[in-house]
Amino acid sequence: DAGVIQSPRHEVTEMGQEVTLRCKPISGHNSLFWYRQTMMRGLELLIYFNNNVPIDDSGMPEDRFSAKMPNASFSTLKIQPSEPRDSAVYFCASSFSGLAGAIQYFGAGTRLSVL
Amino acid sequence: AQKVTQAQTEISVVEKEDVTLDCVYETRDTTYYLFWYKQPPSGELVFLIRRNSFDEQNEISGRYSWNFQKSTSSFNFTITASQVVDSAVYFCALSEDGTASKLTFGTGTRLQVTL
């Protein structure tokens, strides 16, 4: 079975440009999570969806970040405009349910570099 | 607030040595779940194990074993007869019943296994 699929794997952009990261969760999973990993802050949850509805976006750093889940098989994380401090690895994860204890399965990540 | 502490930033061992990775957590919930994930040099996050707060039985899976002790709020991970392929960053994580599937990660322990 295919796991969580993220694209692109690497993204290099210039400050001020719009960046869109994409995620396809595991089929049948109804919860989707976006994380950011940096050396300074470690792994932090940005936002998560349950049944395509955003449940908790308290981790989204600021209005430049937005996330959507138009259907059960696709989600995007957009940064507009991007800044050098957004450089990080962004992970998408999905789980079978939104209940505590549900195992989250992670994609390979997108390494974003903002110059 | 929930918190996960992995005090060991980096551990280096020689192949075939046993190594234990420590994880201490804080929570006010009586129902919670603990996880370990592995992040190899390739970057993806791989799920290893999940335990719930009502199951304190230790678990063994091949060379891996986990020791869950509620009395000390610890969930330690031991690798027996370590191998070079075990070199990775290992993360401990916590989810509480009250916050659904939201995961709080520790800062990770980098394990380096050399020949």
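Coordinates for the structure precede this section.
Along each chain, numbering runs from 1 in the same order as the chain's sequence is written. Written order decides the labels, with chains lettered from A and ligands numbered from 1. The predicted nature of this model means local features are confined to residues of pLDDT at least 70 and side-chain atom pairs, given and counted, to a pLDDT of 80 or more, with totals for whole chains, interfaces and linings taken over all residues. Computation of side-chain values covers all heavy atoms of the structure but excludes hydrogens and water.

Visitor: Can you tell me about the environment of B:Thr104, naming the residues and giving the values?
Guide: Residue and element names in this part refer to chain B. Numbering goes from the N terminus for both helices and strands, where a helix is a DSSP run of H or I of at least four residues and a strand is a run of E of at least two. Mapped onto the secondary structure, Thr-104 falls in strand E11 (residues 104–105). A sequence separation of 10 residues divides Thr-104 from Leu-94, and the C-alpha atoms of the two residues are 5.2 Å apart. In contact with Thr-104, not counting residues within four places along its chain, are Gln-2, Val-4, Cys-92, Ala-93 and Leu-94. The contact definition used throughout considers only heavy atoms, calling two residues in contact when any of these lie within 4.5 Å.

Visitor: Describe the pattern of salt bridges, and please don't skip the residues or the numbers.
Guide: We define a salt bridge as a contact between a side-chain nitrogen of Lys or Arg and a carboxyl oxygen of Asp or Glu at a distance within 4 Å. Under the criterion given, the structure shown has 12 salt bridges over all chains. With a shortest N-O distance of 3.3 Å, B:Lys102 and A:Asp56 are connected by a salt bridge. Of the two residues, B:Lys102 sits in the loop between strand E10 (88–96) and E11 while A:Asp56 sits in strand E6 (residues 53–56), which places them in two different chains. With a 1.4 Å probe rolled over the protein chains alone, any residue whose accessible area is under 20% of its type maximum counts as buried; one over 50% counts as exposed, and the rest are partly exposed. Since its relative accessible area comes to 18%, A:Asp56 is described here as buried. For the salt bridge of A:Arg64 with A:Asp86, the shortest nitrogen-to-oxygen distance reads 2.7 Å. In this pair, A:Arg64 is assigned in the loop between E6 and strand E7 (65–71) and A:Asp86 in the loop between strand E8 (74–79) and strand E9 (88–95), connecting sequence segments 22 residues apart. Grouping residues by exposure puts A:Arg64 and A:Asp86 together as buried. Among the charged side chains, a network of salt bridges with common partners joins A:Glu62, A:Arg64, A:Glu83, A:Arg85 and A:Asp86.

Visitor: Hey, could you go over the state of the cysteines for me, with residue numbers and the actual values?
Guide: Residue and element names in this part refer to chain A. Disulfides are defined in this document as cysteine sulfur pairs within 2.5 Å. Applying the stated criterion across every chain yields a total of two disulfides over all chains. A sulfur-sulfur distance of 1.9 Å marks the disulfide that ties Cys-23 to Cys-92. Across the S-S bond of Cys-23 and Cys-92 the torsion is about -70°, and the bridge reads as left-handed. Residue Cys-23 is found in strand E3 (residues 19–24), and its partner Cys-92 is found in strand E9; the two are separated by 69 residues along the sequence. The exposure class assigned to Cys-23 is buried, which follows from its relative accessible area of 1%. When its relative accessible area of 0% is taken as the criterion, Cys-92 is described as buried.

Visitor: How would you explain the interface of chain A and chain B if you had to name every residue and give the values?
Guide: Contacts between the two partners involve 21 residues from chain A, matched on the other side by 20 residues from chain B. For any pair of parts, buried area is found by adding up, for both, the accessible area (1.4 Å probe) each one loses once the two are put together. Both sides together, the interface formed by chain A and chain B hides about 1,600 Å², and carbon and sulfur atoms give 60% of it. What qualifies as a polar contact is a pair of N or O atoms within 3.5 Å, subject to a donor-acceptor requirement within protein and to the restriction that residues adjacent in sequence count only when both atoms come from side chains. Applying the counting criterion to the chain A and chain B interface returns five residue pairs in polar contact (both at pLDDT 80 or more). Of all the secondary structure elements, the ones that give two or more residues to the side of chain A that touches chain B are strand E4 (31–38) and strand E5 (42–50) of chain A.

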